[in-house]
Amino acid sequence: MVVVTGVLKEEIIGVFRELLPLLENGELIKRNFSRGIIGGNEVVTIYGFIGKVESAMITQAIIDKFNPKYIIHCGSAGAIDPNLKIGDIVCGTTYYEHDFQGGNIMPIEASHILLEKIADVYKYVAFGPMVSGDLIVSDKKMKEMLYDKYKALAVDMDSAAMSKVCKENGVEFCSLKVIVDTSEEQAHIEYEQNFRKFSSLPSTIVSELLDKHIL
């Protein structure tokens, strides 16, 4: 089984609308999920969480209920690499908690199988480190610090926590995101302008992956 997650429904719609046949609709800790088939894969979509605590909570609940082999997290992120533009697609190869205060934290690696399949179906993906924390990065100096420290492509509030839970449970994970803001002072305005335009792109790529490959 493959589970595709998103913070908001718009971020998983590219997979959700391809669940044919649709086998089940349900609820998991007050979040709506749908289960169906894409290609030769049994797929569950679920959304509705924000920040590291909720992301870890829903990831563990998903694993306990569905026992998936793969979790693919889709959605939006802010650019950290200065070469990235709005609308670019990024895929995390390693994940860090940039606001972890207990000292240095080891990166969690993404699933090599998922990285390979994503590269096969969509060639315009930037692969590299991603960082997560419980704050919206909207400061150029902080952005530059994160790039200098981690050489990160992008920042979000969820991927690192999800990767950690998946690693502890032996589940293959990766996060595929689209850049909707530059993580500088105008980040909130950019997000409002770009989210609806671009947010479904990662899940559309994942839908193509599931239709082409049996995982």
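Think of each chain on its own: its residues are numbered from 1, step by step along the sequence as written. Totals for whole chains, interfaces and linings use every residue, but because this is a predicted model, local features are given only for residues with pLDDT of at least 70 and side-chain atom pairs only at 80 or more, for both listing and counting. Water and hydrogen atoms play no part in the side-chain values, which are based on all heavy atoms of the structure.

### Quick notes on the pairing of strand β2 (residues 22-28)
Reasoning step 1: Here six bridges tie β2 to strand β3 (residues 31-38), and the two strands are oriented antiparallel to one another. Directly across from leucine 28, in β3, lies its bridge partner arginine 31.
Reasoning step 2: Pairs of strands are assigned from DSSP output, requiring at least two bridges between the strands. Helix and strand assignments follow DSSP, with helices taken as H or I runs no shorter than four residues and strands as E runs no shorter than two, numbered in order from the N terminus. Adjacent in sequence and paired antiparallel, β2 and β3 are bridged by two residues, among which isoleucine 29 carries a positive phi angle near 35 degrees.

### Some details on the state of the cysteines
Reasoning step 1: Note on disulfides: each one is a pair of cysteine sulfur atoms within 2.5 Å. This model, assessed by the stated rule, comprises zero disulfides.
Reasoning step 2: Between cysteine 74, a cysteine without a disulfide, and cysteine 174, which holds the nearest cysteine sulfur, the sulfur-to-sulfur distance is 7.9 Å.
Reasoning step 3: Free cysteine: cysteine 174, not disulfide-bonded; nearest cysteine sulfur from cysteine 91 at 4.3 Å.
Reasoning step 4: Using a 1.4 Å probe on the protein chains alone, a residue whose accessible area is under 20% of its type maximum counts as buried, one over 50% counts as exposed, and one in between counts as partly exposed. Note on cysteine 174: relative accessible area 0%, which makes it buried.

### Focus: the environment of methionine 157
Reasoning step 1: Topologically, methionine 157 is positioned in the loop between β9 (154-156) and α5 (159-169).
Reasoning step 2: Expressed as a C-alpha distance, the spacing of methionine 157 and glycine 133, which sit 24 residues apart in the sequence, is 4.9 Å.
Reasoning step 3: The contact criterion used throughout is that any non-hydrogen atoms of two residues lie within 4.5 Å. Each residue touching methionine 157, except ones within four places of it in the same chain, is listed here: Ile50, Gly51, Lys52, Ser55, Ser132, Gly133, Asp134, Leu135 and Ile136.

### Side note on the nonpolar core
Reasoning step 1: Among the nonpolar cores identified, the biggest contains 48 residues, and Val4, Ile71, Cys174 and Leu210 are the most heavily contacted of them.
Reasoning step 2: Not counting chain neighbours up to four residues away, the residues in contact with cysteine 174 comprise Ile71, Ile72, His73, Cys91, Tyr95, Ala110, Leu114, Leu115 and Ile118.
Reasoning step 3: For the purposes of this section, nonpolar cores are sets of buried Ala, Val, Leu, Ile, Met, Phe, Trp, Tyr and Cys residues that join through side-chain atoms within 4.5 Å. In this structure, Ile80, Val137, Leu146 and Tyr150 belong to the second largest nonpolar core, which totals eight residues.

### Here's the deal with α5
Reasoning step 1: Within α5, the full set of buried residues consists of Ser159, Ala160, Ala161, Met162, Ser163, Val165 and Cys166.
Reasoning step 2: Trailing α5 by a residue or two, glycine 170 shows a phi angle of about 70 degrees, which is positive.

### Quick look at the packing of helix α3 (residues 112-121) against helix α7 (residues 201-212)
Reasoning step 1: Where α3 meets α7, the axes come as close as 9 Å, and the angle between the chain directions of the two elements is 100 degrees. Taken together, the axes of α3 and α7 lie roughly perpendicular to each other. Along the contact surface, α3 presents Lys117, Ile118, Asp120 and Val121, while α7 presents Ile205, Glu208, Leu209 and Lys212.
Reasoning step 2: Tallied by class, residues from the contact of α3 with α7 come to four nonpolar, no polar and four charged. Only the stretch in contact is used when fitting a helix axis, every axis being a line fitted to C-alpha atoms; angles between N-to-C directions are given from 0 to 180 degrees. Here is the rule for angles: anything less than 35 degrees is roughly parallel, anything more than 145 is roughly antiparallel, 65 through 115 is roughly perpendicular, and the remaining ranges are oblique. Three residue categories are used. Nonpolar comprises Ala, Val, Leu, Ile, Met, Phe, Trp, Tyr, Cys and Pro, charged comprises Asp, Glu, Lys and Arg, and polar comprises the others, including Gly.

### Let's talk about the pattern of salt bridges
Side chains that differ in charge, positive against negative, can pair when their charged atoms come close.
Reasoning step 1: Salt bridges are counted wherever a side-chain nitrogen of Lys or Arg sits within 4 Å of a carboxyl oxygen of Asp or Glu. Per the stated rule, a full pass over the model turns up twelve salt bridges.
Reasoning step 2: For glutamate 42, the salt bridge is made with arginine 35, and the minimal N-O distance between the two is 2.9 Å.
Reasoning step 3: Put simply, lysine 164 and glutamate 168 hold a salt bridge, and the shortest N to O gap is 3.0 Å. One end of the pair is lysine 164 and the other is glutamate 168, both in helix α5 and four residues apart, which spans about a single turn.
Reasoning step 4: Each of the salt bridges in this network shares a partner with another, and the network as a whole consists of Glu24, Arg35 and Glu42.

Don't take any of this as a statement about function, it's just geometry.
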